[in-house]
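Listed below, chain by chain, are the residues.
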Amino acid sequence: MSAQRIGWHDYFMNIARQAATRSTCDRKNVGAVIVRDRTILSTGYNGSIRGTPHCDEVGHLMEGGHCIATIHAETNAILQAAKNGINISHAEIYTTASPCWNCFKMLVNAGIQRIYYGEFYRDKRSLEVARGLGIELVGLLGDDRTEPDQGKKGDSHEG
C-alpha cells in the first residue's frame, strides 16, 4: 500500500518553502512559486541584487525598519519569468508569506489571479484591494483549504 499523495496546495507550498531556503536575507526567509495549470512557471526567494554582497554576509541595509537591500521572493519570481520570456498572465502564486504592498501591486499588474500564502505578513491593504479587483488572496494555514480547480468538471486526472 502506497502513501497518500499530497494535494496540489501542499505540493506547491512545499516547493515555495524549499525556495525560501535559498534566501540570503536572514531577517525573513521567503520563497515563491508561480504556477499555471498545475505547472511551475517560475520560482523566487528573497535576496540581494545579483553581484552584490548578501545580507547574511555583510549585514542589512535598514530603512524604516526594513532591509532595503533585499529583493522580495515574489518580485524575484516575476523577474525570473520575465528574464526567461515566460508569460505569467492568469497564473497564481504560492508564497510562504503574504506579499507586502509593493509585491502585491507587482503581482496584480503582472496578471496573477490568485495568491496563496502561508503566514500573513504585515500589510492588510492588499486584502481590501484584492477583493475590489477580483484577485483571490488565500491563506493556506488552517482547515478551510480547497484544492485548485484547474481541470474540466468531472476531470479526475491527477497528473
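Just so you know, these numbers come straight off a predicted model, no measurement behind them.

Procedures and definitions
- Residues numbered from 1 in each chain as written.
- Predicted model: local features only at pLDDT ≥ 70, side-chain atom pairs only at ≥ 80, totals over all residues.
- Heavy atoms only, no water.
- Salt bridge = Lys/Arg side-chain N within 4 Å of Asp/Glu carboxyl O.
- Helix = DSSP H or I, 4+ residues; strand = E, 2+ residues; numbered from the N terminus.
- Buried < 20%, exposed > 50% of the residue type's maximum accessible area, 1.4 Å probe, protein only.
- Polar contact = N/O pair within 3.5 Å; in protein donor to acceptor, adjacent residues only side chain to side chain.
- Pairing = 2+ DSSP bridges.
- Right-handed = clockwise from strand over helix to strand, strands pointing away.

S.K.: So what exactly am I meant to see when it comes to the pattern of salt bridges here?
M.R.: Side-chain pairs of opposite charge can arise where the charged atoms are in close proximity. Evaluated as defined, the whole model comprises three salt bridges. Note that E119 is salt-bridged to K28, the shortest N-O span being 2.9 Å. With E119 in strand 8 (residues 114–119) and K28 in the loop between helix 1 (8–20) and strand 1 (31–36), this pair connects stretches of sequence that are 91 residues apart. Since its relative accessible area comes to 35%, E119 is described here as partly exposed. One salt bridge in this structure joins E136 and R114, with 3.1 Å as the shortest N-O distance. Placement of E136 in strand 9 (residues 136–139) and of R114 in strand 8 is noted, with a sequence separation of 22 residues between them.

S.K.: Even after reading the chapter, I still don't get the side chain of S42, so can you show me in this structure?
M.R.: When you line up the elements, S42 lands in strand 2 (residues 39–45). With relative accessibility at 2%, the residue S42 sits in the buried group. Polar contacts involving the side chain of S42 include one to the main-chain carbonyl oxygen of A77, which spans 2.6 Å. In terms of polar contacts, S42 uses its side chain to reach the backbone amide nitrogen of A81, at 3.5 Å.

S.K.: I tried to follow the pairing of strand 7 (residues 92–97) on my own but got confused; where do I start?
M.R.: Both faces of the sheet carry side chains from a regular strand, because those side chains alternate between them. The buried fraction of strand 7 is high, at six of six residues. With four bridges connecting them, strand 1 and strand 7 associate as antiparallel partners. Opposite V33, over in strand 7, you have Y94 as the bridge partner. The pairing of strand 7 with strand 8 spans five bridges and is classified as parallel. Across the sheet, A97 pairs through a bridge with E119, a residue of strand 8. For the segment spanning strand 7, helix 4 (residues 101–109) and strand 8, crossover handedness is right-handed.

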